[in-house]
Amino acid sequence: MEKRLFRPIALILAVMLSVGAKAQNEVAMADVMRENGKIYVVVAVVAIIFAGIVVYLISIDRKTNRLQKQVDELKK
Amino acid sequence: MVKQLVALLRKDVLLEFRQRYALFSILLYVVATVYISYLIFSNIKDVRTWNALFWIILIFASINSAGKSFSNESENRFWYYYQLASPQAVILSKIVYNTLLIWIISLITYIIYSWFLGNHVTNHLHFLAVVLLGSASFSGILTVVSAIAVKTNNNATLMSILSIPLLLPAVIIIVKASQLSLMGMSMAQNGAYLAGLLVLNLLVTAMGYLLFPYLWRE
Amino acid sequence: MKKNWWKVLAIVLILYSLIAGFLGDVPRRDILNESIRNLYFHVAMWFAMIAMMGASLGYSIKYLSGNHLNIDARANLFAEMGLVFSILGITTGSIWAKFTWGAFWTNDAKLNGTAITILIYLAYFILRGSLDDREKRARISAVYNVFAFVLMIVFIGILPRLTDSLHPGNGGNPAFSQYDLDTNMRWVFYPAVVGWILFGIWVSGIRYRLYSIKESLDQWRNDSSDQLH
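Residues numbered from 1 in each chain as written. Chains lettered and ligands numbered in written order. Predicted model: local features only at pLDDT ≥ 70, side-chain atom pairs only at ≥ 80, totals over all residues.

Student: Looking at this structure, how should I read the confidence of the model for chain C?
Tutor: For residues with low pLDDT, the predicted coordinates do not support detailed interpretation. Residues and elements named next belong to chain C. Scored by pLDDT, chain C has a mean of 84; 88% of the residues are at 70 or more. Between the elements of chain C, mean pLDDT differs from a low of 85, seen in helix α5 (residues 134–162), to a high of 92, seen in helix α2 (residues 42–66). Considering only residues more than four positions removed or in separate chains, one finds that residues 169–179, a stretch of pLDDT under 50, has 16 contacts. Interface confidence for the predicted complex, expressed as ipTM, amounts to 0.86; the pTM equals 0.83. (pLDDT = per-residue confidence, 0-100. Helix = DSSP H or I, 4+ residues; strand = E, 2+ residues; numbered from the N terminus. Contact = placed C-beta atoms within 7 Å.)

Student: Explain the packing of helix α3 (residues 38–75) of chain A against helix α1 (residues 5–23) of chain C here, please?
Tutor: The relative placement of two packed helices comes down to the angle between their axes together with the axis-to-axis distance. For the pair α3 of chain A and α1 of chain C, interaxial distance at closest approach is 9 Å and the crossing angle is 165 degrees. Our classification of the angle between α3 of chain A and α1 of chain C gives roughly antiparallel. The chirality of how α3 of chain A crosses α1 of chain C is right-handed. Of the residues in α1 of chain C, those in contact with I39, V42, V43, V46, A47, F50 and V54 of chain A of α3 of chain A are I11, I14, L15, L18, I19, F22 and L23 of chain C. Per-class residue counts for the contact of α3 of chain A with α1 of chain C are 14 nonpolar, no polar and no charged. (Axes fitted to C-alpha atoms, helices over the stretch in contact; angles between N-to-C directions. Parallel < 35°, antiparallel > 145°, perpendicular 65-115°, else oblique. Left-handed = near helix turned anticlockwise from the far one by under 90°. Nonpolar A, V, L, I, M, F, W, Y, C, P; charged D, E, K, R; others polar.)

Student: Whenever I open this one, α1 of chain C confuses me. Can you help?
Tutor: An α-helical segment advances 3.6 residues per turn. Residues three or four places apart therefore align on the same side. Helix length check: α1 of chain C (19 residues) gives 27 Å between terminal C-alpha atoms against 27 Å at 1.5 Å per residue, within 8%. For α1 of chain C, the set of buried residues is A10, L13, I14, S17, L18, A20, G21 and F22 of chain C. (Expected span 1.5 Å × (residues − 1). Buried ≥ 20, exposed ≤ 12 C-beta atoms within 10 Å, placed from the backbone.)

Student: Teacher, can you tell me more about the nonpolar core here?
Tutor: The tendency in soluble globular proteins is for nonpolar side chains to be buried side by side. Formed by 125 residues in total, the largest nonpolar core has its most connected members in I148 of chain B together with A44 and A48 of chain C. Sorting elements by how many residues they give to this core places α2 of chain C first, with 14 residues. If near-sequence neighbours (up to four positions away) are discounted, I148 of chain B is found in contact with L162 and L215 of chain B together with I140, V143 and Y144 of chain C. (Core = buried A, V, L, I, M, F, W, Y, C linked by C-beta atoms within 7 Å.)

Student: Any chance you could explain the interface of chain B and chain C here in plain terms?
Tutor: The accessible area lost on association of the parts is a frequent measure of interface size. With 24 residues of chain B at the contact, the number on the chain C side is 26 residues. Of all the secondary structure elements, the ones that give two or more residues to the side of chain B that touches chain C are α6 (124–149), α7 (155–182) and α8 (191–216) of chain B. For the side of chain B that touches chain C, the residue count by class is 18 nonpolar, 4 polar and 2 charged.

Student: Please explain the environment of T122 of chain B as it appears in this structure.
Tutor: Turning to its location among the elements, T122 of chain B is positioned in the loop between α5 (87–117) and α6. The sequence separation of T122 of chain B and M207 of chain B amounts to 85 residues, and the corresponding C-alpha distance is 36 Å.

Student: When you look at helix α3 (residues 69–100) of chain C in this model, what are you seeing that I'm missing?
Tutor: With 32 residues, α3 of chain C extends 46 Å from end C-alpha to end C-alpha; this agrees with the ideal 46 Å at 1.5 Å per step. Two residues or fewer past α3 of chain C, G102 of chain C is found with a positive phi of approximately 95 degrees.

Listed below in structure tokens is the structure:
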């Protein structure tokens with residue numbers, strides 16, 4: 001789709017859709033499929049992955065601090 | 001400082017005038033490139049392609065010409081200038097010199113290019129204004145980058161690597177501005193882009209003025 | 001804990017953005033559908049990148065007025081962190097673009113800006129690599145950093161205003177417009193940005209400490225080898 005035409009077309013679509021805006025489900029979103037609980041699985045997975053990364057980060061932070069202290073000791 | 005600037009500028013211009021090495025070698029480069037383009041394209045009917053190719057040739061000609069601005073000076077001569085002139089005078093004189101050089105090159109490129117590949121320009125003043133402002137911005141950016149690159153050992157490749165990304169903002173403004181001028185718009189309508197180019201030139205010169213002293217000391 | 005509160009804050013903020021990012025309400029927009037949630041992640045990367053590059057710029061300027069090599073090390077590390085964020089931003093943006101705009105890459109002002117930013121900073125690292133003398137490397141790359149950053153800001157800030165763009169809310173103004181930054185989204189987006197910035201500072205801090213340990217070891221090794229001779 002040409003860049004030039006994108007905005008007019010999007011605008012027309014938006015206007016057409018806003019006519020039925022009272023009924024919230026005009027724009028296809030993940031409501032039904034998600035709100036039956038599966039969204040929480042997604043959140044749990046993402047949170048666990050992030051937690052794993054954070055644990056790793058904390059461990060290397062601690063190791064670096066220990067190394068730094070050792071070096072500072074030796075420097076004296 | 002102005003006296004130093006004028007003196008340095010005169011030195012560069014006189015050197016060039018006597019040898020004409022830089023000017024003619026770049027002109028030869030331009031003629032060769034235009035001729036290759038002629039052999040490939042014959043006659044460019046599409047305005048956008050015409051414009052694009054013109055600027056590509058001019059970009060690489062500018063990189064070749066301004067890229068050598070500092071590498072011609074030997075180590076000893078640099079020390080000599082260091083004693084005599086302020087760094088600001090040196091960088092400004094280089095920028096002015098490169099701008100004049102690139103202006104001459106771009107005008108001649110325009111003539112040769114039109115000769116071989118046709119001319120789609122309706123409003124000459126407008127297009128030439130874009131060409132002059134645009135090539136001046138190339139000169140400013142390339143002079144400062146050349147000052148940076150000359151401090152390293154592998155000049156040529158590094159010069160291209162450093163300069164091409166930094167030229168791109170100027171290039172994008174220039175291409176838009178020149179397309180508008182070719183489409184027949186008046187200079188007033190093109191005002192935003194032309195003003196943008198002018199601001200870019202001033203900004204780059206100001207940055208060179210502020211930063212060169214740090215490059216200068218050894 | 002007093003020293004590390006901001007690290008905990010980083011974790012909390014990012015975790016919050018991850019959870020609220022999926023569970024929270026978002027405006028319903030055509031074309032974007034649920035992917036509008038990508039705002040919290042993809043766009044946050046760009047804001048974090050700008051912050052990292054800004055920090056790098058700050059340290060470069062500080063180096064030019066002080067000449068301590070440690071300052072230059074920080075400038076380098078922040079630039080590297082910024083590059084990481086920018087690569088993450090550009091790949092996530094590409095994938096997002098494929099699904100919403102139909103192509104991995106388009107001729108859009110913002111995309112040009114990001115590609116050029118990455119090229120500029122890659123050139124920065126190549127410049128650093130080509131200079132051996134440490135003081136010279138620090139000084140020359142600091143000058144390049146300042147020059148390139150200013151041009152980059154001109155490019156990212158000013159050019160999108162001059163041209164049309166596929167990005168939502170742009171077509172003249174690269175700042176967020178009412179069209180795509182709903183008040184609800186602000187509550188998740190800004191914390192996410194702060195969280196990722198703190199995260200970037202955290203990682204850079206660890207890398208800086210590793211650098212300084214290596215420096216001490218090198219110095220120690222040199223000193224002891226001098227003593228042997």
